[in-house]
Amino acid sequence: MPSYHPIKNIQNPEERKRTIEKLLLLRQQLDRQIPPKTASETLLMATWNIREFGDNRRDESLHYIAEIVNRFDLVAIQEVSVNLAGLQKLVRLLGHNWDYIVTDSTDGSAGGGERMAFLYDRCKVFFRKMAGEIVLPKDKLIDQKLQFARTPFSVAFQAGWFRFIMTTVHIYYGTSSAVDPVRLAEIDAIAGFLSKRAKKENESYILLGDFNIFNRGDATMTALEKRGFYIPDAIKEHPTDLGKKKYYDQIAFNIKLDSKMIVFSEKGQKAGAFDFTESIYPPQDLEIYRQYFDEKNVKGKTEKQIETYYLSKWRTFQMSDHLPLWVELKVDFSNQYLAKVLKETN
């Protein structure tokens, strides 16, 4: 569980009390909505775009983020900034059993100096000593001339019996239309590239992150599927923006396992998007947090404008403008393996 000792260092008694009360509310919500961790049977995996995640959160917010991340075993994080102080503070709050792997920052205006990271609980997840960024060969360049705006990041992991390579992306956004041509081309390129590798290597691939997909029926979504990646309905049905209208984030699978070793069953496992605003920074808490607003953002503004600032700006830079998308996978195939060996023995 996260380290709660630093809460004692919050000097303001009112803030300290509020942080504890909100953590208790958040923990209750997590207990209701996220399956419990298991020792070896399942893997709880998530992807979360944490908006411009640098050393720019209040300590109160970092405690909330740590509480959410800790409910999973492996989390892909997008929009980590050049300054790693915030990520490192988060890992310290998570505790000694947590570790992380992070990319270099992406140069260029489209990349925004972003990094991508994986946070994982070493009690459940084993890093298989392979990590690298995806660089397209010359004949596969996007529009015949471009690499990805933000380089996808692949890491080999193992949890229980399940060995896999996980690739996280933050796909180019471009225009505010459902199907920006460069966005579509990037999704098609990464899905095609990894599907080819999965077939060649006979390795299971998981592709997840922020795809900037607007709707489930868009060409950006079908581009993933037509290249051989499977997205369970239990994942597809959850929008991940705070307004719950956009399907930006996805988790897709290209699995190479024995047919009886099923990592996800629509009936057997669960998935969802965790809406932290039910407990943390809800609309009705505007008055509580008004004291922390930068004066330049509220001076001369109407109450309605201040409310909009709180909901769409201030709280999204404390938590995020994306909800974490998660899935529960089965990773214990002991019975299936023993049955297979027994059949081969007979």
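Above this text you will find the structure in question.
Residues numbered from 1 in each chain as written. Predicted model: local features only at pLDDT ≥ 70, side-chain atom pairs only at ≥ 80, totals over all residues. Heavy atoms only, no water.

**A look at the sheet that holds strand S9 (residues 249-254)**
Okay, step 1: One open sheet accounts for five strands, arranged S5-S6-S7-S8-S9; its pairing is mixed. Only two strands of the sheet have a single partner each, and these edge strands are strand S5 (126-133) and S9. Averaged over all pairs of adjacent strands, the angle between their axes in this sheet comes to 20 degrees, without regard to strand direction.
Okay, step 2: Pairing geometry for S5 and strand S6 (residues 153-159), over five bridges, is antiparallel. (Pairing = 2+ DSSP bridges. Helix = DSSP H or I, 4+ residues; strand = E, 2+ residues; numbered from the N terminus. Axes fitted to C-alpha atoms, helices over the stretch in contact; angles between N-to-C directions.)

**As for the packing of aromatic side chains**
Okay, step 1: For the structure on display, the rule yields 19 aromatic pairs.
Okay, step 2: Taking 6.2 Å as the distance between ring centres and 40 degrees as the angle between the ring planes, the aromatic pair formed by Phe-157 and Phe-164 counts as tilted.
Okay, step 3: Residue Phe-164 is classed as buried on the basis of its relative accessible area of 0%.
Okay, step 4: Centroid distance Phe-293 to Tyr-309: 5.2 Å. Interplanar angle 85 degrees. Geometry classified as edge-to-face. Of this pair, Phe-293 sits in the loop between helix H7 (286-289) and helix H8 (303-318) while Tyr-309 sits in helix H8, and the two are 16 residues apart along the sequence.
Okay, step 5: In this structure Tyr-309 comes out as buried when scored by relative accessible area, which is 14%.
Okay, step 6: Within the aromatic cluster, the residues linked to one another by ring pairs are Tyr-64, Tyr-281, Tyr-289, Tyr-292, Phe-293, Tyr-309, Tyr-310 and Trp-314.
Okay, step 7: Lying across the ring of Tyr-292, Arg-58 places its NZ or CZ 3.7 Å from the centre.
Okay, step 8: Here the basic side chain of Arg-183 rests over the ring of Tyr-173, its NZ or CZ set 5.1 Å away from the ring centre. (Phe/Tyr/Trp six-rings, centres within 6.5 Å; stacked < 30°, edge-to-face > 60°. Buried < 20%, exposed > 50% of the residue type's maximum accessible area, 1.4 Å probe, protein only. Lys NZ or Arg CZ within 6 Å of the ring centre and 35° of its normal.)

**Quick word on the side chain of Thr-316**
Okay, step 1: With respect to the element layout, Thr-316 can be found in helix H8.
Okay, step 2: Looking at Thr-316, the relative accessible area reads 2%, which means it is buried.
Okay, step 3: Apart from residues lying up to four places away in sequence, Thr-316 is in contact with Arg-51, Arg-57, Leu-242, Leu-311 and Asp-321. (Contact = heavy atoms within 4.5 Å.)

**Topic: the pairing of S9**
Sheet faces and side chains relate simply in a regular strand, where the side chains alternate between the two faces.
Okay, step 1: For S9, the buried fraction is high: six of the six residues fall into the buried class.
Okay, step 2: Here S9 shows no split at all, with Asp-249, Ile-251 and Phe-253 on one side and Gln-250, Ala-252 and Asn-254 on the other all buried.
Okay, step 3: As paired elements, strand S8 (residues 205-210) and S9 share six bridges and run antiparallel to each other. Bridging from a neighbouring strand, Gly-209 pairs with Gln-250 of S9.

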